[in-house]
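Each chain, written out:
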Amino acid sequence: MAREITQKRKIVNTLVAWTIGFLIFFPILWTVLTSFKTEAQAISDPPVFLFFDWTLENYAIVQERSDYARFLWNSVIIAVGSTVLGTIISVPAAWSMAFVPSKKTKDILLWMLSTKMLPAVGVLYPIYLIFIELGLLDTKVGLVAVMTLINLPIIVWMLYTYFREIPGEILEAARMDGATLRDEIIHVLTPMAIPGIASTVLLNIILAWNEAFWTLNLTAAKAAPLTAFIASYSSPEGLFYAKLSAASTMAIAPILILGWFSQKQLVRGLTFGAVK
Amino acid sequence: MATQHSRSAARLMMAPAVILLLGWMLVPLIMTLYFSFKKYLPLRGGDLGWVGFDNYARFVSSSSFWPSVQATLLIVGGVLLITLVLGVLLALLLDQPMWGQGVVRILFIAPFFIMPTVSALVWKNMFMDPVNGLFAHLWKAFGAQPVEWLSEASLPSIILIISWRWLPFATLILLTAIQSLDSEQLEAAEMDGASPLARFGHIILPHLSRAITVVLLIQTIFLLSVFAEIFVTTQGSFGTRTLTYLIYQRVLESQNVGLGSAGGVFAIILANIVAIFLMRIVGKNLDA
């Protein structure tokens, strides 16, 4: 009897959840579908869902006309470059805060977090000016630098919460056995820290890839990543739905795939360990 | 215990991150403060001298200030309301037993990974376009007049676009919090005859209160600086000019740096007020 009720409830749950999930996901699905249509089919009334002549020509045209690969390359350099750089700077900092905590550690961590809360628009002109003076405007180097700095607090925080979960006793034991600081780091800590570092890197690549304030304001033609490339479709060109969809699909596909792997880290990373 | 030697090593290891962030925070902040007290028009004469609090007074008394505060509050408030209410409901739903939970979770979360410029443009052109958008087709199918979403209902449209991106975030965090709830407590309540509503009100909601606060504060900070969604849709017209967008226009479009910087100082103060509350919660958690 009770079993039957739970079975019924499970069916209802499944139906409701799948329906809502489909609705939430629909804009993405629709974009991907439209990217395989011709421009005429993309705006046909009534809309066509699956039964159209699938074509890849939009992808070819987007690449040919606007050199999509260049924007993709800029996105990769900026997202990966800033994440790697940020991680190299953050690992020692997070390591020392997790294993050699002092009275000030908490204050430093909270202060780092507070720099993340600084609204970008409040410092837009100073950064713009510094970029002009240093010749960094519309360069990948400049954007990697900014992206490293804005994500540094998140990287330090995430690494810190992961490192803190590594039991301190293991370090003590290694020290007793006469391990030097270097041995400690290479043979004991690194293997245990790798999963945490990997998750941190993953989430930060996603954040940097999607960042759309500095990338829009500090780049023009040369260093523009995909965020800026897509923004250029807000002109009448965006009315070519099939091409807009192809460009969009290519811009979101890599990160969607990475994102699905990082769901768990997302919660920890974006709540600074406040929700686990 | 940590030795003197490891203490100084630790300090050295922290130094690069601390120094970089200190520079990143202080240099632009001081420059913004400096500009905010100057009449500074890079394209029309450059630095025209000190003006005291003139920029602050002019920024606040300009006719676009209060509408921008209103737009900001409506967008932030609207998105928070939608994402928190729906987020709790969806998290409760996802916590129930069902088939294909893993796949459904992925469908729910996906929008958070979409580039803001992509989501804004897809919504603007493919859904909200009054001629070829999917909504227009839908409206016509029911014999209704298609709506010019981004001009006639600009604020709700922007709120929808932004909520679509942040609802998954709220759902995911609230789901994580629900899953950490002790199921025995719920079963005990059920056996004592507590109705589902009572169980929600007396056990689940109190348990979620901290996660809800965290979502509220983090989203507020991000939402106060929403930019791309407005940049590629309305460009701040039709009542969607938020404080962030207004400052952006003053600084980069009309190149009135003094005025924009004064606005920037307001934005920084506003964000800090929210940040203080968030830091308190995060700090408490750090002690635990």
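Residues numbered from 1 in each chain as written. Chains lettered and ligands numbered in written order. Predicted model: local features only at pLDDT ≥ 70, side-chain atom pairs only at ≥ 80, totals over all residues.

(A) Representation of the overall build of chain B in the model. The helix and strand inventory of chain B stands at 13 helices and two strands. Whereas a compact globule of 288 residues would reach a radius of gyration of roughly 19 Å, chain B reaches 24 Å, over 25% beyond that. Counting only C-alpha atoms, chain B reaches 75 × 75 × 30 Å along its principal axes. Burial analysis of chain B (288 residues in total) assigns 43% to the buried set. Partitioning the intrachain contacts of chain B with sequence separation of at least 6 by distance along the chain shows that 69% fall at a separation of at least 24. (Helix = DSSP H or I, 4+ residues; strand = E, 2+ residues; numbered from the N terminus. Rg over C-alpha atoms; globule rule 2.2 N^0.38 Å. Buried ≥ 20, exposed ≤ 12 C-beta atoms within 10 Å, placed from the backbone. Contact = placed C-beta atoms within 7 Å.)

(B) Focus on the overall build of chain A. If you tally the helices and strands in chain A, you get 13 helices and zero strands. Across chain A, helices and strands are ordered from the amino to the carboxyl terminus as α-α-α-α-α-α-α-α-α-α-α-α-α. Expected size for 276 residues packed as a compact globule is a radius of gyration near 19 Å; at 24 Å, chain A overshoots this value by more than 25%. Going through the 276 residues of chain A one by one, you find that 47% of them count as buried. In chain A, the proportion of contacts linking residues at least 24 apart, taken out of those at least 6 apart, comes to 79%.

(C) Here's a closer look at the interface of chain B and chain A. Counting from both sides, the interface comprises 85 residues of chain B and, opposite them, 84 residues of chain A. At 19 residues, helix α1 (residues 4-36) of chain B tops the list of elements feeding residues into the side of chain B that touches chain A.

(D) Inspection of the packing of helix α13 (residues 263-270) of chain A against helix α8 (residues 154-179) of chain B at higher detail. Two numbers describe how α13(A) lies on α8(B): the axes approach to 10 Å, and their chain directions differ by 90 degrees. Regarding the angle of α13(A) to α8(B), the classification is roughly perpendicular. Judged by residue contacts, A:Q263, A:L266 and A:V267 of α13(A) engage B:L172, B:I173 and B:T176 from α8(B). When the residues that make up the contact of α13(A) with α8(B) are grouped by side-chain class, the tally is four nonpolar, two polar and no charged. (Axes fitted to C-alpha atoms, helices over the stretch in contact; angles between N-to-C directions. Parallel < 35°, antiparallel > 145°, perpendicular 65-115°, else oblique. Nonpolar A, V, L, I, M, F, W, Y, C, P; charged D, E, K, R; others polar.)

(E) Seen up close, the pairing of strand β2 (residues 46-50) of chain B. Residue and element names in this part refer to chain B. Counting buried positions along β2 yields zero of five residues, so the element is predominantly exposed. As judged from the three bridges shared by strand β1 (residues 38-41) and β2, these two strands associate in the antiparallel manner. Within the sheet, the bridge partner assigned to Y40 lies in β2 and is D47. Counting the residues in the hairpin turn of β1 and β2 gives four residues, including G45, whose phi is positive at 105 degrees. (Pairing = 2+ DSSP bridges.)

(F) Molecular detail of the nonpolar core. Counting residues in each nonpolar core, the largest one holds 162 residues, and the members touching the most others are A:A94, A:V156, A:I230, B:I173 and B:L174. The element that contributes the greatest number of residues to this core is helix α7 (residues 140-164) of chain A, accounting for 16 residues. Both of domain 1 (2-58) and domain 2 (65-270) of chain A provide at least three residues apiece to this core. (Core = buried A, V, L, I, M, F, W, Y, C linked by C-beta atoms within 7 Å. Domains from an automatic or database assignment.)

(G) A look at the domain arrangement of chain A. All names here are of chain A. Its domain assignment divides chain A into domain 1 (2-58) and domain 2 (65-270). Inter-centroid distance (C-alpha atoms) of domain 1 to domain 2 is 32 Å. Contact with domain 1, which involves 10 residues of that partner, is made by eight residues of domain 2. If you list the elements that add at least two residues to the side of domain 1 that touches domain 2, you get α1 (2-34) and α2 (39-42). Ranked by residue count, the leading element in the side of domain 1 that touches domain 2 is α1, at three residues. Of the residues contributing to the side of domain 1 that touches domain 2, the split by class is three nonpolar, five polar and two charged.

(H) Here's a closer look at α8(B). The end-to-end C-alpha distance of α8(B) is 37 Å, a good match for the 38 Å that 26 residues give at a rise of 1.5 Å each. Bending of α8(B) peaks at approximately 35 degrees at the position of B:W164, with proline B:P168 no more than four residues after it. (Expected span 1.5 Å × (residues − 1). Bend = angle between axes of the 7 residues up to and from the residue.)

(I) Structural view of the confidence of the model for chain A. Counting all residues, the mean pLDDT for chain A is 86, and 97% of those residues have values of 70 or more. In the model of chain A, α13(A) stands out as the element of lowest mean pLDDT, 73, in contrast to helix α4 (residues 68-99) of chain A, which has the highest, 93. (pLDDT = per-residue confidence, 0-100.)

(J) Highlighting the confidence of the model for chain B. All names here are of chain B. When the pLDDT values of chain B are averaged, the result is 88; 98% of them are 70 or greater. Within chain B, the element-level pLDDT minimum falls on helix α9 (residues 183-191), averaging 81, and the maximum on helix α3 (residues 65-95), averaging 94. The ipTM, which scores confidence in the relative placement of chains, is 0.88 for this predicted complex, and the corresponding pTM is 0.89.

(K) Layout of the environment of A:V84. Relative to the elements of secondary structure, A:V84 occurs in helix α4. On a C-alpha basis, the gap between A:V84 and A:Y128 in space is 24 Å, while along the polypeptide they are 44 residues apart.

(L) Examining the environment of B:I178 more closely. Residue and element names in this part refer to chain B. By the element assignment, I178 lies in helix α8. Given 17 C-beta atoms within a 10 Å radius, I178 is considered partly exposed. Residues I178 and L208, 30 residues apart in the sequence, show an inter-C-alpha distance of 6.8 Å. Each residue touching I178, except ones within four places of it in the same chain, is listed here: A91, L92, D95, I204 and L208.

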